[in-house]
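# Secondary and tertiary structure notes
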Amino acid sequence: MSPITMLALLLTVLVAALHGYFLVLEMFLWTRPPGLKTFRNTPEKAQATRVLAANQGLYNGFLAAGILIGLVLQAPVLVTFSLACVVVAGCYGAWSVSRRIFYIQALPAILALLLRAL
C-alpha cells in the first residue's frame, strides 16, 4: 500500500471514528458534562434539546456506518458517498451553527476524499 493510500485510509477511518464519537456525545452525553462542554450548552438548553440531539447523533452514526461498511465491503462508491455527505453536513453546520464545525467535520472528510482520488 502506498503512503498516500495509507494516509487516505487513516483519514477515512478517522472521519468514521469522529462520527461515532459524535453519536455518543449527542445521544448519550448531551446533558452530561462532556456534552455540555463540547457543545457549549447550559443544562437547561441541553435538556430542552436532548431529543433533537439524539436524532442528530443517530444520523452521525449512519454516516460512520456508511464509511465503515463501505471499507469492509470494499465498496468505494459507498465510502465516497458517505464522505461527501459528511462534507455537506459539515459545511451546513459551519454555515448555520459554528465555523468550528467545518474544521472538525468537513475538512477531514475533504482531505480523505482528495487523497482517495489520487
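All of these numbers come straight from a predicted model, not from anything done at the bench. (Residues numbered from 1 in each chain as written. Predicted model: local features only at pLDDT ≥ 70, side-chain atom pairs only at ≥ 80, totals over all residues. Heavy atoms only, no water.)

What follows is about the packing of aromatic side chains. Inspection of every chain in the model, using the stated rule, returns four aromatic pairs. Aromatic pair F102 and Y103: ring centres 5.4 Å apart, planes at 90 degrees, arrangement edge-to-face. Overall, F102 belongs to the partly exposed group, its relative accessible area being 25%. Here Y103 falls in the exposed class, since its relative accessible area comes to 56%. (Phe/Tyr/Trp six-rings, centres within 6.5 Å; stacked < 30°, edge-to-face > 60°. Buried < 20%, exposed > 50% of the residue type's maximum accessible area, 1.4 Å probe, protein only.)

Quick look at the nonpolar core now. Ranked by size, the top nonpolar core spans 13 residues in total, and within it V15, I67, L83, V86 and A109 carry the most contacts. Filtering out sequence-adjacent residues up to four positions away, V15 remains in contact with I67, L83, V86, P108 and A109. (Core = buried A, V, L, I, M, F, W, Y, C linked by side-chain atoms within 4.5 Å. Contact = heavy atoms within 4.5 Å.)

So, on to helix α1 (residues 3–27). One turn of the α-helix equals 3.6 residues, which is why residues spaced by three or four share an orientation. An ideal rise of 1.5 Å per residue puts 36 Å on 25 residues; α1 measures up with 36 Å between its terminal C-alpha atoms. By the burial criterion, the buried members of α1 are A8, L11, T12, V15, A16, H19, F22, L23, L25 and E26. For α1, the secondary structure elements touched by its buried residues are α2 (33–39), α4 (50–72), α5 (76–96) and α6 (100–117). (Helix = DSSP H or I, 4+ residues; strand = E, 2+ residues; numbered from the N terminus. Expected span 1.5 Å × (residues − 1).)

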